[in-house]
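# Overview (structure and organization)
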Amino acid sequence: MKAILEATPLKDGTGREVRRLHDTLQQHLCALKAMGHDPPGPLVTSAIELNSDSTTMFEWQMHSQKTKGMPSYQLNLIRTIY
């Protein structure tokens, strides 16, 4: 969980950076699940938001307004934003 919270933040939200963040988070989430842990969605969503640049955060907020409740981090982040 620490690696998820301390993932390298996006600098300018390029596709390459978003893919790097996505892959990093997926790697650590898979490791947690393999150990029998499934972190709460709002915690993971908050970690994603904290690691996003302003442009990506804006796009995420626009997407979030279209969904009811807290959007699921399990959505493909890259397809959601781009």
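The structure presented is a predicted model; accordingly, all values stated were derived computationally and were not measured.

## Remarks on the overall build of the protein chain
Of the regular secondary structure elements, the protein chain holds five helices and zero strands. Taken from N to C terminus, the helices and strands of the protein chain fall in the order α-α-α-α-α. Considering the protein chain as a whole, with its 82 residues, one finds that 35% of them fall into the buried category. Partitioning the intrachain contacts of the protein chain with sequence separation of at least 6 by distance along the chain shows that 63% fall at a separation of at least 24. Accessible area of the protein chain: about 5,300 Å², with a carbon and sulfur share of 55%.

## Quick look at the pattern of salt bridges
When the charged atoms of two side chains lie near each other, side chains of opposite charge can form a pair. On inspection of all chains with the given rule, the structure shows one salt bridge. With a shortest N-O distance of 3.4 Å, Arg19 and Asp23 are connected by a salt bridge. You can see Arg19 and its partner Asp23 sitting in helix H2 (residues 15–34), four residues apart, about one turn around the helix. Classification of Asp23 by relative accessible area gives partly exposed; the value is 37%.

## A word on helix H3 (residues 41–50)
A turn of α-helix holds 3.6 residues, and therefore any two residues three or four places apart point the same way. Val44, Thr45, Ala47 and Ile48 are the residues of H3 that are buried. All buried residues of H3 fall inside an arc of 155° around its axis, so they share one side.

## A few points about the confidence of the model for the protein chain
Per-residue confidence for the protein chain gives a mean pLDDT of 81; residues scoring 70 or more make up 83%. Summarising per-element confidence for the protein chain, the mean pLDDT is lowest in helix H5 (residues 77–81) (51) and highest in H2 (89).

Rules used throughout
Residues numbered from 1 in each chain as written. Predicted model: local features only at pLDDT ≥ 70, side-chain atom pairs only at ≥ 80, totals over all residues. Heavy atoms only, no water. Helix = DSSP H or I, 4+ residues; strand = E, 2+ residues; numbered from the N terminus. Buried < 20%, exposed > 50% of the residue type's maximum accessible area, 1.4 Å probe, protein only. Contact = heavy atoms within 4.5 Å. Areas by Shrake-Rupley, 256 points an atom, 1.4 Å probe, with all protein chains shown as cover. Salt bridge = Lys/Arg side-chain N within 4 Å of Asp/Glu carboxyl O. Arc of directions from axis to C-beta. pLDDT = per-residue confidence, 0-100.

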